[in-house]
Amino acid sequence: MIDKEEILQDMNNCQSTCKDIQVTCNEKKEYKDLDWLIANLPGLEYTKTRFLNYMFSNGMSSGVDSEDKRLNAWLYEQKNDEGSTNYSVLRDAIGDAATYGECGLRMYNGNLYSIPTKHYGILYTKGEGVKKVIAYYMRKDTDVVEEVSKDEWSKFQTIEQIKSWFDRKGLILLDPSEFVNVRNDTTYLHGKNPFSTDRQRLALLMSVYRRLNYDIEYDGPGRIIVRPRAAFSEDNETSTSAIIENGNEAAVQKRYDDALKEISRVSRQIKESSSDSVIALSNGFADKIEHLPRVTKATEFFDWIHQEGLILAQIYGMSPVLLEAGEWSGNVSMAAIIDTAMLNTIVPMREMYAIQFSSMIARELGISKVYFNKYEMKQIQDDNESRQKMAAAIRDLSYAMKNNPNSEVERLITDFAKVMQTTLYDDNGNLITL
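So, how was this worked out
- Residues numbered from 1 in each chain as written.
- Predicted model: local features only at pLDDT ≥ 70, side-chain atom pairs only at ≥ 80, totals over all residues.
- Heavy atoms only, no water.
- Phe/Tyr/Trp six-rings, centres within 6.5 Å; stacked < 30°, edge-to-face > 60°.
- Salt bridge = Lys/Arg side-chain N within 4 Å of Asp/Glu carboxyl O.
- Helix = DSSP H or I, 4+ residues; strand = E, 2+ residues; numbered from the N terminus.
- Buried < 20%, exposed > 50% of the residue type's maximum accessible area, 1.4 Å probe, protein only.
- pLDDT = per-residue confidence, 0-100.
- Contact = heavy atoms within 4.5 Å.
- Pairing = 2+ DSSP bridges.
- Axes fitted to C-alpha atoms, helices over the stretch in contact; angles between N-to-C directions.

### Focus: the packing of aromatic side chains
Right, on to step 1. Scanning all chains against the criterion turns up eleven aromatic pairs.
Right, on to step 2. A connected cluster of aromatic rings, assembled from ring pairs, spans Phe56, Tyr76, Tyr87 and Phe372.

Here you go:
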């Protein structure tokens, strides 16, 4: 919240240039807080939901029909103690990992639990140029956990001694077999927050929204310069006593203070005015009042706001096409564009995430592995629909031929069959996969 008294004080104290009343130190500090940025970005939750919809659009599988029944029952029917299905927990964990860089996934009593970042820690050692994860830990009350220094636990000889020491501190020590730190980038121990790598565009986007919100809430007059007269008084005549008093330092300071009070009064009235207000100035001010128009207007950045979807899509690592954002041209079908976007962005991310939690879930359920089902190409689906319609047309025409032989109908059947045949082979003459 901008303090009007501070603004007036800045206006009164400045001699050459004043601070930009819209940018304060507190507001600048807010951009250093990624949690604040994530919580305030418009459209982020929608983008995250769309991202997850694409990630899980083809379901999950073990690759074996008999194991799939067990997997699906566990995913969609079985619930943890918090009342969440394992499917929803897995979905939330990937969503948080894509947003914050990491999210804990715990297996407890046969079900999954999502542990937010900062609510768990990692015990690891360094050696030979690598970091080796020994275990994970979290608070028993599930609150935010403080980092445990290696000096505190490395003095113990066995894992049981470490576990006992953690238990006394109200912490749970978790083996890597029952806990996975799901990350959006496995080259980093804690993943990588995607919002920390595109701060300039995000800061600009937030600045535009904040400026627009301010303009809507406050119909301000802009920058106005009001000059007091050289001899600041309420009348045009200067008495002999006033001239004598002018030589007194205390009197001069009093007149200066009175001038500042009057400036503050007028400044406050202008600041709090609306477009239909009437403001009276005393004759202590100069006749000319200057109005400085804005150099930067928030309305000039409407086009930038239209890029919001494109920016957020790129932060999540998916093609803007999947959010109906961005531009494309050429004689290419929308199905082909979506196929390209899915194959180049979503499918690789599916594999990257599935590899991290596959073994833990497979071990718990006694199945071979867990992965996302193969993406079904939209272009192929559209082509198959066309083939089905053409085959149905040939069938109907053939029935008609039996009842009423006709050379025109026969030629039409032949032409349809030729078209159908050409769609079954690729450019190299190989039979395509239907």
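Having seen the model, we can carry on.
### Side note on the pattern of salt bridges
Right, on to step 1. Using the criterion set out here, one finds five salt bridges in the structure.
Right, on to step 2. Here Lys118 ties to Asp35 by a salt bridge, and the two come within 3.1 Å at their closest N and O atoms. Taken together, the residues span a long stretch of sequence, with Lys118 in the loop between strand 3 (111-115) and strand 4 (120-127) and Asp35 in helix 3 (residues 34-40) at a distance of 83 residues.
Right, on to step 3. Taking relative accessible area as the criterion, Lys118 reaches 49% and is therefore assigned partly exposed.

### What to know about the confidence of the model for the protein chain
Right, on to step 1. Scored by pLDDT, the protein chain comes out at a mean of 78, with 71% of its residues at no less than 70.
Right, on to step 2. This stretch, residues 1-8, has a pLDDT under 50; its non-local contacts, to residues over four places away or in other chains, come to 13 contacts.
Right, on to step 3. Low confidence marks residues 14-31, where pLDDT is under 50. Its contacts with residues over four positions away, or in another chain, come to 24 contacts.

### Brief notes about the sheet that holds strand 3
Right, on to step 1. Spatial ordering of the open sheet is given by 3-2-7, a layout of three strands whose pairing is antiparallel. The two strands at the open ends of the sheet, each matched to only one other strand, are strand 3 and strand 7 (179-183). Here the average twist between neighbouring strands, direction ignored, is 25°.
Right, on to step 2. Bridging between strand 2 (residues 102-108) and strand 7 involves five bridges; their strand directions are antiparallel. The residue of strand 7 that forms the bridge with Cys103 is Val182.

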